[in-house]
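Summary of structural features
Each chain, letter by letter, is given below.
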Amino acid sequence: MKPPTPRPGNLLRGALAVTAAGLAAAVPLAGTAAATPLTGKAQRTVTTADGDTFRLLLKAGPVVLPAAGGTVKVKGAGYNRAQGIFLAFCVIPDGVKVGDPSTYTALPGPCLGGREAQDGSSRRITDTGTGTPGITLPYEKGGKFRTTLNLRPEIADGQVCGETVRCAIVTRADFTATNERLYDQYIPVRFVPGAVAR
């Protein structure tokens, strides 16, 4: 007994289904990339001289900004509440390989100025209760913080992110422990002509 002969219509529908499936796998849905701003994350586990261990987590987004700059949402968790930190936008020092804390041996900087509350380009996170309103913020439970930073590509004269230097959102110990590198974290940021501010 001969097997049934496929009808031409069934063959055509099968071929179209295979083709459509292949295209769906190869081409992402329109608008998918534009709908989700790129975010960055940095994490490391550190142990203090007293033997206390902290799992530092830093997240920021979007990390692709228009050429003129933009506002980034930043949040952290797991930080040591006994140690204040600076959250800022800084030049990544030569020799630092982002993601490899063993290379975090130099102070990040220079950093985008943010001494005035309206600048919004840096923050100090501390539980000491002292500092400039709008710039100094207290930690939340669990060593957490949440804020925004206003960023632009020119860090200082002749130091432009993506042109002459590499730049990142960073945390580091504040002025009470400037030489302490345990709290250094980096999330690189790019400025792209045509990028849409969010």
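Right above here is the structure, for reference.
Residues numbered from 1 in each chain as written. Predicted model: local features only at pLDDT ≥ 70, side-chain atom pairs only at ≥ 80, totals over all residues. Heavy atoms only, no water.

1. With respect to the overall build of the protein chain
- Of the regular secondary structure elements, the protein chain holds 2 helices and 13 strands.
- When the 198 residues of the protein chain are sorted by exposure, 39% land in the buried category.
- In the protein chain, of all internal contacts separated by at least 6 residues, the share reaching a separation of at least 24 is 62%.
- Per element, the accessible surface of the protein chain, about 11,700 Å² overall, is 57% carbon and sulfur. (Helix = DSSP H or I, 4+ residues; strand = E, 2+ residues; numbered from the N terminus. Buried < 20%, exposed > 50% of the residue type's maximum accessible area, 1.4 Å probe, protein only. Contact = heavy atoms within 4.5 Å. Areas by Shrake-Rupley, 256 points an atom, 1.4 Å probe, with all protein chains shown as cover.)

2. Describing the state of the cysteines
- Per the stated rule, a full pass over the model turns up 2 disulfides.
- Paired by a disulfide, Cys90 and Cys111 hold their sulfur atoms 2.0 Å apart. Judged by the sign of its S-S torsion, about 95°, the bond between Cys90 and Cys111 is right-handed. Residue Cys90 is found in strand β5 (residues 85-91), and its partner Cys111 is found in the loop between β5 and β6 (122-125); the two are separated by 21 residues along the sequence.
- Shown here is the disulfide that connects Cys161 with Cys167, its sulfur atoms set 2.0 Å apart. Between Cys161 and Cys167, the S-S torsion sits near -95°, and that sign places the bridge as left-handed.
- For Cys167, a relative accessible area of 4% translates into the label buried.
- By sequence order of its bonded cysteines, the protein chain has the disulfide arrangement 1-2, 3-4. (Disulfide = S-S within 2.5 Å.)

3. Thoughts on the side chain of Thr147
- Mapped onto the elements, Thr147 comes out in strand β8 (residues 145-151).
- In this structure the side chain of Thr147 is engaged in a polar contact, spanning 2.9 Å, whose partner is the side chain of Arg123.
- Setting aside residues no more than four positions away along its own chain, Thr147 makes contact with Val72, Lys73, Val74, Leu87, Arg123 and Leu137. (Polar contact = N/O pair within 3.5 Å; in protein donor to acceptor, adjacent residues only side chain to side chain.)

4. A short note on the sheet that holds β5
- Spatially, 5 strands are ordered β7-β6-β5-β11-β12 in an open sheet, and the strand pairing comes out mixed. Since the sheet does not close on itself, it has two edges, and those belong to β7 (136-137) and β12 (185-188), each with one partner.
- Taken together, the 4 bridges between strand β11 (residues 167-173) and β12 define a ladder with antiparallel strand orientation. Bridge pairing links Thr171 to Gln185 in β12. (Pairing = 2+ DSSP bridges.)

5. Considering the pairing of strand β4 (residues 70-77)
- Across 5 bridges, the pairing between strand β2 (residues 53-61) and β4 is antiparallel. Paired with Ala60 across the bridge in β4 is Val74.
- As defined by bridge partners, β4 adjoins β8 across 7 bridges and the pair is classed as antiparallel. By the bridge assignment, Lys75 is partnered in β8 with Arg146.

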